[in-house]
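# Close look at the chain arrangement
Each chain, letter by letter, is given below.
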Amino acid sequence: MDNVITVEHLHKRYGDAVAIEDVSFEVRRGEIFGILGPNGAGKSTTVECLQGLRSATRGRLAVLGLDPGREAARLRRRIGSQLQSSALPERLRVGEAIRLFARLHQQQVDVDATLAEWGLQALRRKAYATLSGGQQQRVFLALALLGRPEVVFLDELTTGLDPTARRETWQLVRRVRDRGATVVLVTHLMEEAEALCDRIAVIDRGRVVAADTPGALTALRGGPVRITFSVNGYDPRGLSSLAGVESVSIDAGRVTVTGSASSAVDVAAALAAQGIAPPDYRTHYPSLEDVFLALTGHRLTLTEGSPR
């Protein structure tokens, strides 16, 4: 695989406090790689070390073949970043921000083309403080993509956005990947990780507890699939003989079948063979929340004021 990021046994300590205990993973070129975990897990500290913003206590890091600790200046010319605490001066206008950041990058940037690409033309003369949360994130993505970086770090990009703005931002993240950049997405949102990420590293208490595709994680760690439907005079107990079915139960006229992912197809086929088509037939697959609970013993929740 063409890996653009390698992290081996990263450890970060602040005095007696350990922010990262032991983190290892690799990011492949062209993917959206998610770092998923609660506040305090060490997610933001990890990506700040990868960008050369913080020094690792120990471990080996390589981003685009460069050591972030020793070659940060060279690295920053090839990456883009939106930090968790990103903000601009309240009176700075959107067009001015594009022009200013282009100068900081020491690059020639077509401001009009950049505004058009990210749908910011109507906001050109708007001050940062007057923008909605979704508009601000659109501006930050445009700034992070100036100069077409090879790797883009996005830290809690959609925190505080309403559902509509969040999904619009997800579309923009996909555009970043489609333009050829590798995206490292830090998030505490299960839905966001499932919707966007090709692969995920699940971090808890400073350690990677699992890393794989969302589908593989839920299939291997999330528990059984549940199929539910109404009885309507049908005796479902014979479904227990199907391959992959673990249990069949009936409660108040509603059937619940648990089993492997393939059992959902077999149950549907068995019902259809008898001319039965329950209108409320549902298949409930395990989620990343189920995976996180199985891996850590607790649910992924935010704790206000906790370290990152």
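The following refers to the structure shown. Along each chain, the written sequence defines residue order, and numbers are assigned to residues from 1. Residues qualify for local features only when their pLDDT is at least 70, as the model is predicted, and side-chain atom pairs are given and counted only at 80 or more; totals for whole chains, interfaces and linings, by contrast, use all residues. Here the side-chain values reflect all heavy atoms present in the structure, with hydrogen atoms and water set aside.

### Some words on the environment of Arg177
- Labels follow the DSSP assignment, with helices taken as runs of H or I lasting at least four residues and strands as runs of E lasting at least two, numbered in each case from the N terminus. Here Arg177 lies in helix H6 (residues 163-178).
- Sequence separation between Arg177 and Gly30 is 147 residues; the distance between their C-alpha atoms is 6.4 Å.
- By the convention used here, residues are in contact when the closest approach between their heavy atoms is within 4.5 Å. Excluding residues that lie within four positions of it along the chain, Arg177 makes contacts with Gly30, Glu31, Ile32, Val183 and Asp198.
- Any N or O atom pair separated by 3.5 Å or less is treated as a polar contact, with the protein-specific requirement of one donor-capable and one acceptor-capable atom, and with residues adjacent in sequence counted only for side-chain atom pairs. At 3.2 Å, the side chain of Arg177 forms a polar contact with the side chain of Asp178.

### As for the sheet that holds strand E12 (residues 254-259)
- The rule for pairing is simple: two strands pair if DSSP sees at least two bridges between them. What the 4 strands build is an open sheet, ordered E11-E12-E10-E13; its pairing is antiparallel. The two strands at the open ends of the sheet, each matched to only one other strand, are strand E11 (245-251) and strand E13 (282-284). Across the sheet, the axes of successive neighbouring strands diverge by a mean angle of 20°, strand direction being ignored.
- Judged from the 6 bridges that link them, E11 and E12 form a sheet pairing that is antiparallel. Bridged to Ile250 within E12 is Val255.
- Inter-axis angles, ranging from 0 to 180 degrees, are taken between N-to-C directions of lines fitted to C-alpha atoms, where helices are fitted over the stretch in contact. Docked against the sheet, helix H9 (residues 263-273) engages strand E10 (225-230), E11, E12 and E13, running at close to 25° with respect to E10.

### A closer look at the pattern of salt bridges
- Take a side-chain nitrogen of Lys or Arg and a carboxyl oxygen of Asp or Glu: if they are within 4 Å of each other, that pair is a salt bridge. In total, this model carries 18 salt bridges according to the counting rule given.
- Notably, a salt bridge pairs Asp178 with Arg177, separated by 3.2 Å at the nearest N-O pair.
- Given a relative accessible area of 59%, Asp178 falls into the exposed group.
- Any residue under 20% of the maximum accessible area for its type is buried, any over 50% is exposed, and the rest in between are partly exposed; the area is computed with a 1.4 Å probe on protein chains only. Arg177 sits in the partly exposed class, given a relative accessible area of 22%.

### Examining the packing of helix H3 (residues 94-104) against helix H5 (residues 133-144)
- Taken N-terminus to C-terminus, the directions of H3 and H5 make an angle of 20°; their axes are 10 Å apart at the nearest point. Between H3 and H5, the crossing angle belongs to the class labelled roughly parallel. Of the two elements, H3 crosses H5, and the hand of that crossing is right-handed. Residue-level contacts link Val94, Ala97, Ile98 and Phe101 of H3 to Val139, Ala142 and Leu143 of H5.
- Its residues assigned to classes, the contact of H3 with H5 comprises 7 nonpolar, no polar and no charged. Note that the term roughly parallel is reserved for angles under 35 degrees, roughly antiparallel for angles over 145, roughly perpendicular for angles of 65 to 115, and oblique for everything else. Here a crossing is called left-handed whenever its near helix is offset anticlockwise from the far helix by less than a right angle, and right-handed whenever the offset is clockwise. Here the nonpolar group is Ala, Val, Leu, Ile, Met, Phe, Trp, Tyr, Cys and Pro; Asp, Glu, Lys and Arg are the charged ones; every other residue, Gly included, is treated as polar.

### Observations regarding the pairing of E10
- When you tally the buried positions in E10, you get 5 out of 6 residues, the bulk of the element.
- Where E10 and E12 come together, 6 bridges link them in antiparallel fashion. Residue pairing in the sheet places Thr228 in a bridge with Thr256 of E12.
- As defined by bridge partners, E10 adjoins E13 across 3 bridges and the pair is classed as antiparallel. Bridge pairing in E13 places Thr228 opposite Arg282.

### Here's the deal with unusual backbone geometry
- The residue Leu64 is not glycine, and still its phi comes out positive at about 55°.
- Here Leu64 shows up in the loop between strand E4 (58-63) and helix H2 (72-76).
- Look at Leu64 and you get buried, because its relative accessible area is 11%.
- Residue Glu156 is not a glycine yet carries a positive backbone phi of 50°.
- Considering the arrangement of structural elements, one finds Glu156 in the loop between strand E6 (151-155) and H6.

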